[in-house]
Amino acid sequence: MNMNKELLEILACPRCHGALEALGDNADEGLSCPACAVVYPVRDDIPVMLVEEAVPLADWQRGQRQAAR
Ligand SMILES: [Zn+2]
């Protein structure tokens, strides 16, 4: 995914409206919110910016890529 820096600056955490950090090369894995300790996954090159789809950062680091149901 070619997520440029400008786009990354526009995108904000839907929960706290804070800045996001890109994960992976060119943010192809996900966008993390350090304040909320969650990751918004990128699926089919589209960032899923939904609070209910956010994966807890601890789960993400264990390889979990889906929000717990
Ligand atoms: Zn946040």
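Here the structure is shown first, and the text comes after it.
Quick caveat, the model's predicted, so the values are computed rather than measured. Along each chain, the written sequence defines residue order, and numbers are assigned to residues from 1. Whole-chain, interface and lining totals are the exception, using all residues; otherwise, since this is a predicted model, local features are given only for residues with pLDDT of at least 70 and side-chain atom pairs are given and counted only at 80 or more.

Trainee: What's the story with the overall build of the chain in this structure? I'm lost.
Mentor: Labels follow the DSSP assignment, with helices taken as runs of H or I lasting at least four residues and strands as runs of E lasting at least two, numbered in each case from the N terminus. Looking only at helices and strands, the chain has 2 helices and 5 strands in total. Counting from the amino terminus, helix and strand elements in the chain follow one another as α-β-β-β-β-β-α. Over its C-alpha trace the chain gives a radius of gyration of 11 Å, about what one expects of a compact globule, namely 11 Å for 69 residues. Taking the principal axes of the C-alpha coordinates as reference, the chain spans close to 30 × 25 × 15 Å. Buried residues are those with 20 or more other C-beta atoms within 10 Å of their own C-beta, exposed residues have 12 or fewer, and partly exposed residues lie in between; C-beta atoms are placed from the backbone. The buried share among the 69 residues of the chain stands at 25%. The globule rule is 2.2 Å times the number of residues to the power 0.38, and the radius of gyration it is compared with is taken over C-alpha atoms.

Trainee: Sorry, what's going on with the nonpolar core here?
Mentor: Generally speaking, nonpolar side chains in soluble globular proteins are found buried as a group. Membership of the largest hydrophobic core comes to 13 residues, with the highest contact counts inside it found for Leu31, Val38, Val39, Ala54 and Val55. Elements that contribute at least two residues to this core include exactly β2 (30-33) and β3 (38-43). Considering each element in turn, this core owes the most residues, 4 residues, to β3. Contact criterion: two residues are in contact if their C-beta atoms, reconstructed from the backbone, are within 7 Å. Non-local contacts of valine 38, meaning those with residues more than four positions away in its chain, are made with Cys33, Ala54, Val55, Pro56 and Leu57. Think of a nonpolar core as buried Ala, Val, Leu, Ile, Met, Phe, Trp, Tyr and Cys residues, each tied to the set through C-beta atoms within 7 Å.

Trainee: I'm lost on unusual backbone geometry in this one. Help?
Mentor: For residues besides glycine, phi is generally negative; the peptide bonds are generally trans as well. For histidine 17, which is not glycine, the phi torsion reads 60° and is therefore positive. Its location among the elements puts histidine 17 in the loop between α1 (5-10) and β1 (21-23). Here aspartate 44, not a glycine, exhibits a phi torsion of approximately 55°, which is positive. Along the chain, the position of aspartate 44 falls in the loop between β3 and β4 (46-47).

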